[in-house]
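Letter by letter, the chains look like this.
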Amino acid sequence: MFLGFTGPNAAGKSEAIKYLVEKKKFIQRSLSDIIRDEAKARGLDVTRNNLVMIGNELRGKEGASVLAKRTVPKIKNAPQAVIDSIRNVSEIEELRLSLQGFKLVGITADIKVRFDRAKKRGRIGDSTTLEEFTKQEATENSADPTAQQLDKCFALADIKLDNSGKVDGLYAQIDKMLEDLKYTPYTRPTWDEYFMKMAYLASERSTCLRHHVGAVIVKNNHLISTGYNGAPARTKDCLELGCLRDQLGIASGTRHEVCRAVHAEQNAIIQAAIHGAGTEGATIYCTHSPCTICAKMLVNAKIKRFVTNIAYPDPSYQELFKEAGVEFLVIKRPKMEINILD
């Protein structure tokens, strides 16, 4: 989930973002961070007027969406992030284009309330009178498409919150907003989800034209071997020769011996043996449930647990696993995207 915040000075954007970061575990990025870094590089004080000047200058040189374009790569793979300091229409357009499901949140409050907050905040360069405060806001609503356009940005907000009251009221509005957006907090993958995802990664190496199957063998949460279905080493595979089973009209789940490929589970066991990794008591994660031949090999390799997502057409492994005491578990397929912070 990606949420962007816009609104006039001292409306409560920082308080809203602090709540999302501390209580809802969002990652925070600010478009103004780019401008602050530029101000420091130039040896300028980080005042509101200097930030406005530098921001307008960058937009004029590199395009109105420059701050958003520089920020997107830092958060595009995050599971949930909040973006602050959105002050130009082109920035909104860039964020909506580049971040799937992006929502713009506009926060406002009565101008006298905002002025009192700004005075208490006491930032360098903030206005000391309501008249100055009002005039300064006028400079942040330019007709120039490369300058700040706070009112136009607020008008484009998908969700609008009024923060003229107490902070608890703002928190309640945010909670309601997240509920309406069907927000689900990010959680780290479980060990089963983590290793299951690795099995799918291994399956990308498959040379089979029917099913891409991957397997990983794990012991004490330590990866000891991987495998995928494909022809034996140093031999031609189905990508070169075509599928022998298709050529002979053999149905899936039958006559396993008529196939150029070594199965993923078999290759994982073989790789463990080659590298001297013991499989006794280990868990195998495999994208598909095993054929009867693989099941026999897994039992003899003393694998104690088999985790998968997909049931193979041949169910003969079930009785064998039950008799041999091999735990068999079907879990929900993990999400295939990689969620990280670059």
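A. Representation of the overall build of the protein chain within the structure. Counting secondary structure elements, the protein chain contains 15 helices and ten strands. A compact globule built from 342 residues would reach a C-alpha radius of gyration of about 20 Å, whereas the protein chain, at 29 Å, exceeds it by more than 25%. Dimensions of the protein chain, computed from C-alpha atoms along their principal axes, come out at roughly 85 × 40 × 35 Å. Burial status across the protein chain gives 45% buried among its 342 residues. In the protein chain, 65% of the contacts between residues at least 6 apart in sequence involve partners at least 24 apart. Taken as a whole, the protein chain presents about 18100 Å² of accessible surface, with 52% of it coming from carbon and sulfur. On the protein chain, the mean spot of the 50 positive side-chain charges and the mean spot of the 42 negative ones are 2 Å from each other.

B. Structural context of helix α3 (residues 48-62). Along its 15 residues, α3 runs 21 Å from first to last C-alpha, staying within 8% of the 21 Å computed at 1.5 Å per residue. What α3 keeps buried is the set Arg-48, Asn-50, Leu-51, Val-52, Ile-54, Gly-55, Leu-58 and Arg-59. Tucked inside the fold, the buried residues of α3 contact α2 (32-41), α4 (66-75), α5 (89-98) and α7 (130-139). Count one or two residues on from α3 and you reach Gly-63, which has phi positive near 105°.

C. Representation of the pairing of strand β4 (residues 103-108). Summarising the sheet, strand β1 (residues 2-6) and β4 pair through four bridges and their orientation is parallel. From the neighbouring strand, Thr-6 faces β4, where its bridge partner is Gly-106. Here β4 pairs with strand β5 (residues 159-162) via four bridges, running parallel. Within β5, the residue paired with Thr-108 across the bridge is Asp-162.

D. Examining the sheet that holds strand β2 (residues 27-30) more closely. One open sheet holds the five strands; their spatial order is β2-β3-β1-β4-β5, and the pairing between them is parallel. Here the strands that pair on one side only, and so sit at the sheet edges, are β2 and β5. Going across the sheet, the axis of each strand differs from the next one's by a mean of 25°, ignoring polarity. Where helix α1 (residues 13-24) meets the sheet, its contacts fall on β1, β2, β3 (81-84) and β4, and the angle it forms with β1 comes to roughly 160°.

E. The arrangement of the nonpolar core in detail. Judged by nonpolar contacts, the single largest core of 24 residues is most densely connected at Leu-67, Ile-83, Ile-86, Leu-95, Leu-99 and Phe-102. For this core, the secondary-structure elements that each account for two or more residues are α2, α3, α4, β3 and α5. Broken down by element, this core gets its largest block of residues, five residues, from α4. Phe-102 has contacts with Phe-2, Leu-3, Gly-4, Ile-83, Ile-86, Leu-95, Arg-96 and Asp-158, leaving out every residue within four places of it along the chain.

F. Looking closely at the packing of aromatic side chains. For the structure on display, the rule yields twelve aromatic pairs. Between Tyr-19 and Tyr-171, the ring centres sit 4.3 Å apart and the planes meet at 10°, which makes this aromatic pair stacked. You can see Tyr-19 sitting in helix α1 and its partner Tyr-171 sitting in helix α9 (residues 167-180), a full 152 residues away along the chain. Just as Tyr-19 is buried, Tyr-171 falls in that class too. Ring geometry for Tyr-317 and Phe-328: centres 5.0 Å apart, planes at 50°, overall tilted. One end of the pair, Tyr-317, is in helix α15 (residues 317-324); the other, Phe-328, is in strand β10 (residues 327-330), with eleven residues separating them in the sequence. Residue Phe-328 is classed as partly exposed on the basis of its relative accessible area of 30%. Chaining the aromatic ring pairs together yields one cluster made of Trp-191, Tyr-194, Phe-195 and Tyr-285.

G. Molecular detail of the pattern of salt bridges. Counted under the stated rule, the structure contains 13 salt bridges. Among the salt bridges present, the one from Asp-33 reaches Arg-36, with a minimum N-O distance of 3.1 Å. Linking Asp-33 with Arg-36, this pair stays in helix α2, spanning three residues, or about one helical turn. The class for Asp-33 is partly exposed, based on a relative accessible area of 35%. Of the residues examined, Arg-36 reaches a relative accessible area of 29% and is grouped as partly exposed. Between Arg-70 and Glu-62 there is a salt bridge, with its nearest N and O atoms 2.6 Å apart. Accessibility expressed as a relative area gives 35% for Arg-70, which makes it partly exposed.

H. Local environment of the packing of α3 against α4. The interhelical angle for the contact between α3 and α4, taken along N-to-C directions, is 90°, at an axis separation of 8 Å. The angle between α3 and α4 falls in the class roughly perpendicular. Across from Leu-58, Arg-59 and Glu-62 in α3, the residues of α4 making contact are Val-66, Leu-67 and Arg-70. Its residues placed into classes, the contact of α3 with α4 shows three nonpolar, no polar and three charged.

I. Structural view of the sheet that holds strand β7 (residues 222-228). The strand order across the open sheet formed by five strands is β7-β6-β8-β9-β10, and the pairing between neighbours is mixed. The open sheet is flanked by β7 and β10, the only strands paired with a single partner. Taken over all neighbouring pairs, the strand axes of this sheet differ in orientation by 20° on average, direction set aside. Sheet topology note: the strand β9 (residues 305-310)/β10 ladder contains four bridges and is parallel. Among the inter-strand pairings, Arg-305 is bridged to a residue of β10, identified as Glu-327.

Definitions and limits used
Counting starts from 1 at the beginning of each chain's written sequence and moves along it residue by residue. Since the coordinates come from a predicted model, pLDDT governs what is reported: local features require at least 70, and pairs of side-chain atoms require 80 or more to be given and counted, while whole-chain, interface and lining totals use all residues. The basis for every side-chain value is the complete set of heavy atoms in the structure, and neither hydrogens nor water enter the calculation. Helical segments are the DSSP runs of H or I of at least four residues, strand segments are the runs of E of at least two, and each set is numbered from the N terminus. Only the C-alpha atoms count toward the radius of gyration. The rule for a globule is 2.2 Å times the residue count to the power 0.38. For each residue, the accessible area found with a 1.4 Å probe, counting protein chains only, is set against the maximum for its type, and the residue is called buried under 20%, exposed over 50%, and partly exposed in between. Here, residues are in contact when the closest pair of their heavy atoms is within 4.5 Å. We get accessible surface area from the Shrake-Rupley algorithm with a probe of 1.4 Å; when it comes to residues, only the shown protein chains can shield them. Charge convention: Lys and Arg are scored as positive, Asp and Glu as negative, and His as well as the terminal groups of each chain are ignored. To locate a charge, the coordinates of NZ of Lys, CZ of Arg, CG of Asp or CD of Glu are taken. Each residue after the first adds 1.5 Å to the expected span of a helix. Whether two strands pair depends on DSSP finding at least two bridges between them. Note on geometry: axes are lines fitted to C-alpha atoms, helical ones only across the stretch in contact, with angles between N-to-C directions running from 0 to 180 degrees. Residues grouped as a nonpolar core are buried Ala, Val, Leu, Ile, Met, Phe, Trp, Tyr and Cys residues, joined through side-chain atoms within 4.5 Å. Two rings from Phe, Tyr or Trp (for Trp, the six-membered ring) form a pair when their centres sit within 6.5 Å of each other. Planes less than 30 degrees apart are called stacked, planes more than 60 degrees apart edge-to-face, and all others tilted. Note on definitions: salt bridges are taken to be side-chain nitrogens of Lys or Arg within 4 Å of carboxyl oxygens of Asp or Glu. We call two directions roughly parallel when the angle between them is under 35 degrees, roughly antiparallel when it is over 145, roughly perpendicular when it lies between 65 and 115, and oblique otherwise. Classes in brief: Ala, Val, Leu, Ile, Met, Phe, Trp, Tyr, Cys and Pro nonpolar; Asp, Glu, Lys and Arg charged; the others, Gly included, polar.

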